[in-house]
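A look at the structure
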Amino acid sequence: MEQKSPSLRGTVLVLLAGMSWGTSGVFVRYFTALGMSAMQLTLFKCAIPGVVLLLYCLLFRRDVLKVKLKDLWIFICLGVISLTFFTWCYFSTIQATSMSAAAILLYLAPVLVMIMSAILFKEEVTKTKVIACALAFAGCFFVSGFVGNAVPLPFRAIVTGLLSALGYALYSIFSQFALNRGYDPLTLPTYAFIFAGLSALPFAHPAEIIAAGSASPLKFAGMLCLMAFMVSLLPYLLYTNGLMRSTPGRASIMASIEPVTATVLGALFFHELPDLYSYLGIALVIGAIVLLNLNISKTAS
């Protein structure tokens, strides 16, 4: 398979997607305090963008809704595995531990993506990619608080965190399958969110959601819509378009800016103050991103 050439635009899109995903913990903390579960948050994260994108496509882009029956499995997997399963695992991990610790477990994903991309898409595994991946992972490790004055993570958080990494990695893989078959970048998140919303709905317990928002319905609805936009609609559109100008392994490493963002926001809003190791981790993640873009005009490493 012909290797893609990285572009500055693709780099910026993936970085912005990672930063937007990094705001997830802020919303999870807010809604958890109101008594909402990870699955309820997953429903709104997926259903609201799904409805918005479907209405947009019906009004302006009906052509992107055309999907071959033999390819339907890709979009079902994108929705059920790469969105519902991944989001539930990630939100559950955030509820059980710190935002940065959840992010480090999630960012085992670039390693998985690099391995799967090499097997499925013949994406070249070079020294540059291996070093960048190692730097990004080491950076996430330091950012997480696993060293220094670390508090041992609950076993459940470790399990859900590792599973979130698998689900997240598979989003890049399934997306690449769809893009390689010529589907529009808008087709992927539209169907993914629809299938994700449908799969989460049976487990959402509507009465509990109504109770959680009863004190301030307008603010509750507004925060749900803001969450859906910031951690779902915007970053997935950015990431899918960025993936068209990159490769799954490269893009997943670039998105490692997410745990850095999560660490900064955790410090600002929840007094999860970074220590010296966290600053070292941030430097390593940024170093991995810089390394991947030293030769931006050449073929992807």
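Keep in mind the model is a prediction, meaning the values are calculated, not measured.

Conventions we followed
- Residues numbered from 1 in each chain as written.
- Predicted model: local features only at pLDDT ≥ 70, side-chain atom pairs only at ≥ 80, totals over all residues.
- Heavy atoms only, no water.
- Helix = DSSP H or I, 4+ residues; strand = E, 2+ residues; numbered from the N terminus.
- Rg over C-alpha atoms; globule rule 2.2 N^0.38 Å.
- Buried < 20%, exposed > 50% of the residue type's maximum accessible area, 1.4 Å probe, protein only.
- Core = buried A, V, L, I, M, F, W, Y, C linked by side-chain atoms within 4.5 Å.
- Contact = heavy atoms within 4.5 Å.
- Expected span 1.5 Å × (residues − 1).
- Bend = angle between axes of the 7 residues up to and from the residue.
- Phe/Tyr/Trp six-rings, centres within 6.5 Å; stacked < 30°, edge-to-face > 60°.
- Lys NZ or Arg CZ within 6 Å of the ring centre and 35° of its normal.

**Here's the deal with the overall build of the protein**
Helix and strand counts for the protein stand at 14 helices and zero strands. Mapped in sequence order, the helices and strands of the protein form the string α-α-α-α-α-α-α-α-α-α-α-α-α-α. At 18 Å, the protein has a C-alpha radius of gyration in line with the 19 Å of a compact globule built from 301 residues. With respect to the three principal axes, the spread of C-alpha positions in the protein is 55 × 55 × 30 Å. Here the protein, with 301 residues, has 53% of them falling under the buried criterion.

**Some remarks on the nonpolar core**
Counting 79 residues, the largest nonpolar core has Phe31, Met36, Phe75, Tyr90, Tyr168, Met227 and Tyr239 as its most contacted members. In terms of residues, this core owes the most to one element, helix α11 (residues 217-244), which gives ten residues. If sequence neighbours within four positions are ignored, Tyr168 has contacts with Trp21, Phe86, Leu106, Tyr107, Ala109, Tyr239 and Ala255. Counting residues in each nonpolar core, the second largest holds six residues, with Met114, Ala132, Cys133 and Ala288 among its members.

**A few points about unusual backbone geometry**
Although it is not a glycine, His205 adopts a positive phi angle of roughly 55°. By the element assignment, His205 lies in the loop between α9 (187-200) and α10 (206-213). The partly exposed category is assigned to His205, whose relative accessible area is 46%.

**What about helix α4 (residues 72-96)?**
Taking 1.5 Å of rise per residue, 25 residues should cover 36 Å, and α4 covers 35 Å from first to last C-alpha, within 8% of that figure. Of all bends in α4, the biggest is about 25°, found at Leu78.

**Description of the packing of aromatic side chains**
The final tally for this structure, using the stated rule, is 18 aromatic pairs. Judged by centre distance (5.7 Å) and plane angle (55°), the rings of Phe75 and Tyr191 are tilted. Remark: Tyr191 occurs in helix α9 and Phe75 occurs in helix α4; sequence separation between them is 116 residues. The same class applies to Phe75 and to Tyr191, which are both buried. Plain terms: the ring middles of Phe86 and Tyr90 are 6.0 Å apart, the flat faces sit at 10° to each other, and that makes the pair stacked. A residue pair is termed a helical-turn pair when its members lie 3 or 4 positions apart in one helix, as Phe86 and Tyr90 do in helix α4 at four residues. Neither residue differs from the other here; Phe86 and Tyr90 are each classed as buried. Put simply, the rings of Trp21, Phe86, Tyr90, Phe91, Tyr168, Tyr171, Phe193, Tyr236 and Tyr239 touch in pairs and so form one group of aromatic residues. For Arg29, the ring lying beneath its charged end belongs to Phe270, and the centroid distance is 5.7 Å.

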